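What follows is the residue order along each chain.
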Amino acid sequence: MTASVPGNSDIRARLGLRPVINVAGTMTALGASIIHPEAVAAMAAIAGEFVEIDDLQRRASACIARATGAGAGFVTASSSAAITLAVAGTMTGADLHAIERLPRRTGDNPREVILQAGHAVNYGAPVAQAVRLAGARVVLAGDVGMAMDYHVAGAITERTAAVLHVVSHHVMGYGQLSLSEVVAVCRPRRIPVIVDAASEYDLRGFLTEGADLVIYSGHKFLSGPTSGIVAGRKDLVRAAYLQNRGIGRGMKVGKESVAGVMAALDAWAARDHAAIRTREGAALALWRAALDGQPGIAARIVPDPTGNPLDRLEVAVTPESGFSAAGLARALAAGTPPVIVRDDEADLGHIHLDPCNLHEGEAATVADALRTVMAAPRAADALAPAPRDATAALRWPD
Ligand SMILES: *Cc1c(COP(=O)(O)O)cnc(C)c1O
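This report concerns the structure included in the present document. (Residues numbered from 1 in each chain as written. Predicted model: local features only at pLDDT ≥ 70, side-chain atom pairs only at ≥ 80, totals over all residues. Heavy atoms only, no water.)

Another aspect to go through is the nonpolar core. Counting residues in each nonpolar core, the largest one holds 50 residues, and the members touching the most others are V152, C186, V195, F206, V214, I229 and L265. Among the elements that take part in this core, helix α11 (residues 255-270) stands out by supplying 8 residues, more than any other. Residues contacting V195, with those up to four places away along its chain left out, are H165, V167, L179, F206, A211, L213, V214 and I215. (Core = buried A, V, L, I, M, F, W, Y, C linked by side-chain atoms within 4.5 Å. Buried < 20%, exposed > 50% of the residue type's maximum accessible area, 1.4 Å probe, protein only. Helix = DSSP H or I, 4+ residues; strand = E, 2+ residues; numbered from the N terminus. Contact = heavy atoms within 4.5 Å.)

Set out below in structure tokens:
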């Protein structure tokens, strides 16, 4: 998406890292996104300067307010940190003593956070843990595939600090309450609704629908540095910001990330989104053509499940191809250069190719990689499913 050097592999070679091509999406495990050149410039410009951080975050607040329509906002170390700080803010308000006591509760401050059971996802870590880190207790509403308004209403007590509403492809795809249905339950009861929209493009809609706080990622579609954004009602944003004097200290964000996110937000407003969409569409067409006629492979273009303006190529894999879906993902990851695909639904017999993080020229490289693995002899484990154990993770640092 930027004019960066194709492949930009020099530092990776120096560090002994594989020059991976990312068709998985904005993944923390792959370094999130390509940081926009304007954000890189802002980060470099501020790196050697002293600033008054509260003032820098005041400027960020104005910038976030402009981009989202919120009353205020601030930048955090990550979206996960933003969830913890937002939840903590709904527990303590602006009570500085209560803030320093967290994760212990002060007096009868509320401490329960309601989460639809189908929203208890794992984005690389459990969302419920980000809530518990604040000292809150998670109260699940409904069951995995079925939540009704009475489940949320019935879970609300005088101990309720907030309802957390997660918007994500990880969330159960059916039987969930929409944000406006959640707001309809919470608003009359004066329960704040926090929306985790870390992976969403829409910077305004959730607040318009009645969310009190919305969490965005700085490093996903915005292409900023690793960071998160809290935006929303000014009193709640302030309460969340004040957590930097308490549990937020261990999650602190640096000046370079705050400046980088501000530049990324400005660049987002100026970006030619239609041209990017067209380029992404061309990549999908190229990949579909590369797979055309392959036995046991059926590729189709699918929209983003949460409605982001982004399509992906869904590649359905049957054993006739000599691969399982996970086996095809492994073969591409083992190639030269390694191509890392979106494989979270491999158990369903398909993988996705995501075009939103490509450098110039990489779409063609991926098409070549697809042809190469299809023509190559199959590895011994090509038909094996994705392992359900953590052996590989537990080998680190070896
Ligand atoms: C990515 C993501 C997160 C975590 O974001 P980080 O900034 O990596 O902490 C949280 N929630 C959702 C829905 C996400 O997609």
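This paragraph deals with the side chain of S227. Tracing the sequence through the fold places S227 in the loop between β7 (213-217) and β8 (228-232). Other than its neighbours up to four places away in sequence, S227 contacts V75, T76, A77, S78, S79, S217, G218, H219 and V261.

The strand order across the open sheet formed by 7 strands is β2-β8-β7-β6-β5-β3-β4, and the pairing between neighbours is mixed. Strands with a single pairing partner mark the edges of an open sheet, and in this sheet they are β2 (72-76) and β4 (137-141). Strand-to-strand twist across the sheet, computed as the mean angle between neighbouring axes with direction ignored, equals 25°. Pairing geometry for strand β5 (residues 160-166) and strand β6 (residues 193-196), over 4 bridges, is parallel. From the neighbouring strand, L164 faces β6, where its bridge partner is I194. In this fold helix α8 (residues 179-186) packs onto β3 (112-116), β5 and β6, with an angle of close to 160° to the strand it touches most, β6. On top of the sheet, helix α10 (residues 234-241) reaches β2, β7 and β8; it is set at about 25° to β2, its chief contact. (Pairing = 2+ DSSP bridges. Axes fitted to C-alpha atoms, helices over the stretch in contact; angles between N-to-C directions.)

Residue alternation in strand β12 (residues 350-353) divides its side chains into two sets, H350 and H352 and I351 and L353, and both sets are buried. Pairing between strand β10 (residues 311-317) and β12: 4 bridges, direction antiparallel. Pairing of E314 across the sheet is with H352, part of β12.

Note that the residue after L102, namely P103, is joined by a cis bond; omega there is 5°. Position of P103 relative to the elements: it lies in the loop between α5 (96-101) and β3. In this structure, the amide linkage connecting W396 to the following residue, P397, adopts the cis form with an omega of 10°. Located in the positive-phi region is A32, a residue other than glycine, with phi close to 65°. In this structure A32 comes out as buried when scored by relative accessible area, which is 7%. Not every positive phi belongs to a glycine, and S223 is a case in point at roughly 60°. By the element assignment, S223 lies in the loop between β7 and β8.

Attention now moves to the sheet that holds β12. Ordered in space as β9-β10-β12, the 3 strands form an open sheet in which the pairing is antiparallel. One side of each edge strand has no neighbouring strand; the edge strands of this open sheet are β9 (297-303) and β12. Strand-to-strand twist in this sheet, taken as the mean axis angle between neighbours without regard to direction, amounts to 25°. As judged from the 7 bridges shared by β9 and β10, these two strands associate in the antiparallel manner. The partner of I297 across the bridge, within β10, is V317. Contacting β9, β10 and β12, helix α13 (residues 325-333) crosses the sheet at an angle of about 40° to β12.

Before going further, it helps to examine the packing of aromatic side chains. What the rule picks out here adds up to 3 aromatic pairs. Taken together, a centroid distance of 5.3 Å and an interplanar angle of 75° make the contact between F74 and Y241 edge-to-face. In this pair, F74 sits in strand β2 while Y241 sits in helix α10, placing the two residues 167 residues apart along the sequence. Using a relative accessible area of 2% as the deciding quantity, one classes F74 as buried. (Phe/Tyr/Trp six-rings, centres within 6.5 Å; stacked < 30°, edge-to-face > 60°.)

One way to put it is that helix α12 (residues 273-291) packs onto helix α14 (residues 362-375) with a least axis distance of 9 Å and a crossing angle of 15°. Compared by their axis directions, α12 and α14 come out roughly parallel. Seen along the crossing, α12 lies across α14 with a hand that is right-handed. Across the interface between the two elements, A283, L286, W287, A290 and L291 from α12 touch A363, A364, V366, A367, L370, R371 and M374 from α14. Of the residues that constitute the contact of α12 with α14, the class distribution is 11 nonpolar, no polar and 1 charged. (Parallel < 35°, antiparallel > 145°, perpendicular 65-115°, else oblique. Left-handed = near helix turned anticlockwise from the far one by under 90°. Nonpolar A, V, L, I, M, F, W, Y, C, P; charged D, E, K, R; others polar.)

Quick look at α14 now. End to end, α14 covers 20 Å across 14 residues, agreeing with the expected 20 Å (1.5 Å per residue, within 8%). Inspection of α14 places E362, A363, V366, A367, A369, L370, V373 and M374 among the buried residues, and these make up the whole buried set. In an axial view of α14, the angular spread of the buried residues amounts to 160°, which keeps them on one side of the axis. Away from the buried face of α14 by more than 90 degrees, exposed residues T372 and A375 are located. Those residues of α14 hidden inside the fold are in contact with β1 (21-23), α12, β9, α13, β11 (339-341) and β12. (Expected span 1.5 Å × (residues − 1). Arc of directions from axis to C-beta.)

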